[in-house]
Amino acid sequence: MAEVILMPRLSDTMTEGVIAAWHKHVGDNVKKGDLLAEIETDKATMELESYQDGVLLHIGTPDGGKLQVNDLLAILGKPGENISELIKLHSGGATAPATASQPAPAAAPAAPAVVEPAATPAPVGLDIASMEEVVLMPRLSDTMTEGVIAGWQKNIGDTVKKGEVLADIETDKATMELESYKDGILLYQGAKAGEKIQVNDLLCIIGKEGLDVAAIVAAAKSGGAKPAAATASAAAPVAQPAGAPAAPTAPVAETVINEGRIFASPLAKKLAAEKGVDLRFIKGSGDNGRITKTDVENYVPAVASAAPASKAAAPAAAPVVTGQVSFTDVPLSQMRKVIAKRLSESLFTAPHFYLTMSIDMDAAIAARTKMNEVAKVKISFNDMVVKATAMALKQNPKVNSSWMGDFIRYNDHINIGVAVAVEDGLLVPVVRYADGKSLSQIGAEVKDFAQKAKDKKLQPADWEGSTFTISNLGMFGIDQFTAIINPPDSCILAVGGIAAEPVVKNGQIVPGNMMKVTLSCDHRVVDGATGAAFLQTLKQLLEEPVRMLV
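Residues numbered from 1 in each chain as written. Predicted model: local features only at pLDDT ≥ 70, side-chain atom pairs only at ≥ 80, totals over all residues. Heavy atoms only, no water.

Caption draft 1: How the structure looks around the overall build of the protein chain. Per the secondary structure count, the protein chain includes 11 helices and 27 strands. Split into buried and exposed, the 550 residues of the protein chain put 41% on the buried side. For the protein chain, restricting intrachain contacts to residue pairs at least 6 apart in sequence, the fraction spanning at least 24 positions comes to 64%. When the accessible surface of the protein chain is totalled, it reaches about 29,500 Å², and 55% of it is carbon and sulfur. (Helix = DSSP H or I, 4+ residues; strand = E, 2+ residues; numbered from the N terminus. Buried < 20%, exposed > 50% of the residue type's maximum accessible area, 1.4 Å probe, protein only. Contact = heavy atoms within 4.5 Å. Areas by Shrake-Rupley, 256 points an atom, 1.4 Å probe, with all protein chains shown as cover.)

Here it is, written out as structure tokens:
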């Protein structure tokens, strides 16, 4: 009996796959373990092997086509077997199937390649998501909702080969290269460089000359595709407030307009005194030249002439301090948008509480000095905190947990996210299985992540999957602070700097090196006693670093 193969979910965030290449064709014999196809997911291109023997009777979409997870990918069976019912059963939402007996679809009506008339009506039933010529904005990270076109590497009319870079896409976490998964001509671009496109909106069209581009674009717009938001206005100069007078274009000498008794309203006199303005130089717009409040507000002192002052000039007026209201509006970057969204949700959804503890770092300072005499990679205090945190989590597993809505997940593995400051905000690369790594390994990994973050070369796999997060601002001179939990983690540790201060040891006041740490806890998961026990373990490990080496 024929067996159906559905599009598998090859990553934790995959919702659809692109057939990068079929290695078997309809009618070919397939053995168990044979390579059927290469499937491009949201994270990598992966090989799909057959798990049974048979003849390939049907494929769900040709090379370059897209399929949603659980859509019909292929059917294996015996030669001549009737599979029409299976195709009908699994055809909902799938790309038009291809079988040995099915004729090729008719060519699309010809139209100019780059013409985009807005009034073109959308053909009824045109599903652009299933068209192999259509490239939709991919979801390049687990939190991405829209992307910014950092730059196009191909222009309309250019020939595109499979594997060539189409564009650089700025996501909320990094700028990533988008490669073409098919050959053809770039016929349409959904946005210009610097503009935004929502995930799954029309990014571009790659096909043959004569493809009806206008019909596809019209279908995308009628289907709710949002036009990319232009950012050109962000670069425009800030307009002056209405009514503000223009600054003089050339230096002119101040002219005395009013001599003797000056007629002005009481409010105008009061305002002039506050602004330090001499009413002799203001032309009144009221009856008989009376100076009003508006005249004072609109008055701009003339710039003194470069010519030498006349000996007979009037005594200098009191210095006038003037200025102009100005500001710069900067559009939110993708990273800043997601930071705002996720941390707002965290702070206002998770009930935070905070536990602070002081740790004596004298022994840690001495141990670090000894270790760096022999270590190949210089070990930082942050590396020691990461290692101690991992070991403390091993002993206090309830802190290494996640709130999942209907249940609490206690993680057996320990993946520690280390917050790294970058130009546009914050990234949190993950040190995986940190409890099993040495201080040197942790140090090398964190330094590599920090450099990649600053170069915008981190990949989604680098920042996904944390079970606990550390944010260290000690190197910036911060003594103590609280941090917002990074979901889905239930806790985050805020680490301050090491400060010399008097401490009591054995009944004596002596100098010491103290570091304050603050644990932010999600009270839905972690209680006060649980968080306190974790901090006690962390304190013991850092105050006696030899414990970390056992």
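Caption draft 2: View of helix α4 (residues 266-275). Listed as buried for α4 are A268, L271 and A272. An end-on view of α4 places all buried positions within 100° of arc, on one side of the element. Pointing more than 90 degrees away from the buried face of α4 are the exposed residues P266, K270, A273 and E274. Taken from the residues just after α4, G276 is the one with a positive phi, measuring 70°. (Arc of directions from axis to C-beta.)

Caption draft 3: Examining unusual backbone geometry more closely. In this chain, P487 is followed by P488 through a cis amide linkage whose omega measures 10°. Within the element layout of this structure, P488 appears in the loop between β25 (468-472) and β26 (491-505). Backbone geometry places N506, a non-glycine residue, at a positive phi of 55°. Tracing the chain through its elements places N506 in the loop between β26 and β27 (508-522). We classify N506 as exposed; its relative accessible area is 80%.

Caption draft 4: Structural detail: helix α6 (residues 334-349). Between its first and last C-alpha, α6 extends 22 Å over 16 residues, near the 22 Å set by a 1.5 Å rise per residue. Every buried residue of α6 is listed here: Q334, M335, V338, I339 and S346. Buried residues in α6, looked at end-on, bunch into an arc of 125°, giving them a common side. Tucked inside the fold, the buried residues of α6 contact β11 (146-152), β13 (165-170), β16 (196-198), β18 (352-360), β22 (420-422) and β23 (425-427). (Expected span 1.5 Å × (residues − 1).)

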